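# Survey of secondary and tertiary structure
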Amino acid sequence: MDRIFLDEKASKVFVLLPSREWTLFRTFVFAFAVLFKFIDPFLGFIPGRFTLYLGLLMILSLFSLSGARPSRKASLSFAFLYLLSLVLLVLGESGIPYCVFFAASIYRLGYRKSMRRAFWIGFAALLFTCFVCFAFGINAQYNTLHGSFLENRYGLGFSSPNTPGTLVMLLLALYLCGYGRLDRRGIVLFSVTIATLYLFTKSRTMVFTFLLFALCYFPAIWLTKRKKGWLFFALLPILCTLASFLLGLCFSEGPVNHLLSGRPALFRYYIENRLPVLSSVEDDPSLAGYYLDNLFLVDIYRRTILALFFLFALSFLGFFVLARKVPSSLYRSIALSFLMLMIGSMSESFLATNFNASYVGLIYFLVLSRERGGTLTLLRLCERTGFSPKEVSL
């Protein structure tokens, strides 16, 4: 039987928590949404696997959402997001649709609980994939040319030596969203994981991302406590886009360009030779060999600038809602996760163009704020934890 809750203010009775069968179904959809990226090497034989995967996830999440029985306003919000997702998929942008479908699949499961489970599922799947691929030599070794010598690197089954480290950054985002902060256990776990992966992949990207995030960690926590601090996180996509242009225009040569593996030089190439696009140009022959490792410039020059505009709007509206209508601990955790992913996305476009924990949170709470009974009431029941009214400003 479904659990029934009486909203005293509205004097209405409505269904909040689903039956056991629907909960199990949404748990299955949730696991399906998490696992794909971490076991991708085992799915390489499937042509167009990501497109097929997104199609299946969209269908499953729609069924999952129907079982959650959102209110009329929340349903309309999801309908708009699904329509926008279909438009962006046609234009060649897959990241935002992925996050929309994921947010729908966990609706009423509880965001924080889902992110914790996603972290442990992803962590176990990544370790399993890396171990099996390395042990059996499945697409494991890469030789990277550095000047006049070859450096042995390992992709550990993935298409690039940087991909395992990028997935670790995704796991860090999940950890922050699930546990609210980078505690002692998290520091030890990620430090050991990053150090171990570096020995095999020689991926400096994840090391720089982790260190830069660590430097910003305490200032970011301080900002989450300021009344207008949400504006900084809301404007992060714009700030990182401007920073990407500055890197390309000012540091396309010299030690900074070398330290960042030549990325600023590629940034400058695109800035000076390409025009913003409204649909994907991934197959443009003139772009062959120019792999652009920057989310913000990828959306402007290769994928679709409309996705970047939506990212700006989502971050602004999402943090406006978060700062006012959810407990401070949840607001802080999503803000930290978003900061880490924005830092990482300046050197790895994969981080935000695929599954992104903080985008899921922004979408989840943006729609949840449209529900009946008040956001805090729903959070108490969905998360099954006791939030204090002092933690929220309705």
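Presented here is a report on the structure given in the accompanying data block.

Reading guide: rules and limits
- Residues numbered from 1 in each chain as written.
- Predicted model: local features only at pLDDT ≥ 70, side-chain atom pairs only at ≥ 80, totals over all residues.
- Heavy atoms only, no water.
- 1 Å grid on protein atoms, 1.4 Å probe; cavity = no way out; pocket = protein on both sides within 12 Å on 5 of 7 lines; lining within 4 Å.
- Points joined across faces, edges and corners; volume = space filled by probe spheres on them.
- Helix = DSSP H or I, 4+ residues; strand = E, 2+ residues; numbered from the N terminus.
- Nonpolar A, V, L, I, M, F, W, Y, C, P; charged D, E, K, R; others polar.
- Buried < 20%, exposed > 50% of the residue type's maximum accessible area, 1.4 Å probe, protein only.
- Contact = heavy atoms within 4.5 Å.
- Axes fitted to C-alpha atoms, helices over the stretch in contact; angles between N-to-C directions.
- Parallel < 35°, antiparallel > 145°, perpendicular 65-115°, else oblique.
- Left-handed = near helix turned anticlockwise from the far one by under 90°.
- Patch = residues over 30% accessible without salt bridge, like charges linked within 9 Å, V, L, I, M, F, W, Y side chains within 5 Å.
- Areas by Shrake-Rupley, 256 points an atom, 1.4 Å probe, with all protein chains shown as cover.
- Salt bridge = Lys/Arg side-chain N within 4 Å of Asp/Glu carboxyl O.
- Phe/Tyr/Trp six-rings, centres within 6.5 Å; stacked < 30°, edge-to-face > 60°.
- Lys NZ or Arg CZ within 6 Å of the ring centre and 35° of its normal.
- Lys, Arg positive; Asp, Glu negative; His and termini not counted.
- Charge placed at Lys NZ, Arg CZ, Asp CG, Glu CD.
- Expected span 1.5 Å × (residues − 1).
- Arc of directions from axis to C-beta.

### Looking at the layout of surface pockets
What the second largest pocket holds in volume is close to 390 Å³. Lining the second largest pocket are 18 residues, and of these Ser 77, Leu 366, Val 367, Ser 369 and Arg 370 lie nearest its centre. Elements that contribute at least two residues to the lining of the second largest pocket include exactly helix 3 (72–91), helix 14 (305–325) and helix 17 (357–368). Counting residues per element, the lining of the second largest pocket draws most heavily on helix 14, at 7 residues. Counted by class, the lining of the second largest pocket contains 11 nonpolar, 2 polar and 5 charged residues.

### Brief notes about the side chain of Thr 201
When you line up the elements, Thr 201 lands in helix 7 (residues 184–201). Judged by relative accessible area, which is 0%, Thr 201 ranks as buried. Those residues in contact with Thr 201, other than ones at most four positions away along the chain, are Arg 153, Tyr 154, Leu 156, Pro 161, Pro 164 and Met 206.

### As for the packing of helix 3 against helix 4 (residues 95–105)
Relative to each other, helix 3 and helix 4 sit at 150°, their axes nearing to 9 Å. Relative to helix 4, the element helix 3 lies roughly antiparallel. Considering how the two elements wind past one another, helix 3 and helix 4 form a crossing that is left-handed. Contact residues: Phe 78, Leu 81, Tyr 82, Ser 85, Leu 88 and Leu 89 in helix 3; Ile 96, Pro 97, Val 100, Phe 101, Ala 103 and Ala 104 in helix 4. Its residues placed into classes, the contact of helix 3 with helix 4 shows 11 nonpolar, 1 polar and no charged.

### Description of empty space enclosed by the protein
Under the counting rule described, the total for this entry stands at 3 cavities of 30 Å³ or more. Quantified by volume, the second largest cavity comes out at close to 50 Å³. Those elements that place two or more of their residues in the lining of the second largest cavity are helix 6 (162–179) and helix 8 (204–224). For the lining of the second largest cavity, the element with the highest residue contribution is helix 6, accounting for 4 residues. Looking at the lining of the second largest cavity residue by residue, the class counts come to 3 nonpolar, 8 polar and 1 charged.

### Notes on a nonpolar patch on the surface
The grouping of Leu 231, Phe 232, Leu 235, Ile 238, Leu 239, Leu 242, Phe 316 and Leu 317 at the surface amounts to a nonpolar patch, some 630 Å² of accessible area in total. The leading source of residues in the nonpolar patch is helix 10 (residues 236–250), at 3 residues. Mapped onto the secondary structure, Leu 317 falls in helix 14. Taking relative accessible area as the criterion, Leu 317 reaches 45% and is therefore assigned partly exposed.

### Here's the deal with the pattern of salt bridges
Summed over all chains, the structure comprises 4 salt bridges. For Asp 40, the salt bridge goes to Arg 49, with nearest N and O atoms at 2.7 Å.

### What to know about the packing of aromatic side chains
For any two aromatic rings, the description comes down to two numbers: the centre-to-centre distance and the angle of the planes. Counting across every chain of the model gives 37 aromatic pairs. Taken together, a centroid distance of 4.7 Å and an interplanar angle of 70° make the contact between Phe 119 and Trp 120 edge-to-face. Joined through ring pairs, the aromatic side chains of Phe 119, Trp 120, Phe 123, Tyr 175, Tyr 179 and Phe 190 make up one cluster. A cation over an aromatic ring shows up here: Lys 37 above the ring of Phe 50, its NZ or CZ 4.1 Å from the ring centre. The ring of Tyr 179 has Arg 185 sitting right over it, with the charged end atom 4.8 Å from the ring centre.

### A few points about unusual backbone geometry
Despite not being glycine, Arg 69 shows a phi value in the positive range, around 55°. As for its position among the elements, Arg 69 is in the loop between helix 2 (49–68) and helix 3. You can call Arg 69 partly exposed: its relative accessible area is 40%.

### With respect to a positive patch on the surface
A surface patch of like charges, here positive, comprises Arg 72, Lys 73, Lys 325 and Arg 370. Locating Lys 73 in the fold gives a position in helix 3.

### Focus: helix 1 (residues 20–35)
The end-to-end C-alpha separation of helix 1 is 23 Å, in line with the 22 Å expected for 16 residues at 1.5 Å each. Of all the residues in helix 1, the buried ones are Arg 26, Val 29, Phe 30, Ala 33 and Val 34. All buried residues of helix 1 fall inside an arc of 135° around its axis, so they share one side. Of the exposed residues in helix 1, those oriented more than 90 degrees away from the buried face are Arg 20 and Glu 21. Next to the buried residues of helix 1 lie helix 2, helix 4 and helix 5 (111–135).

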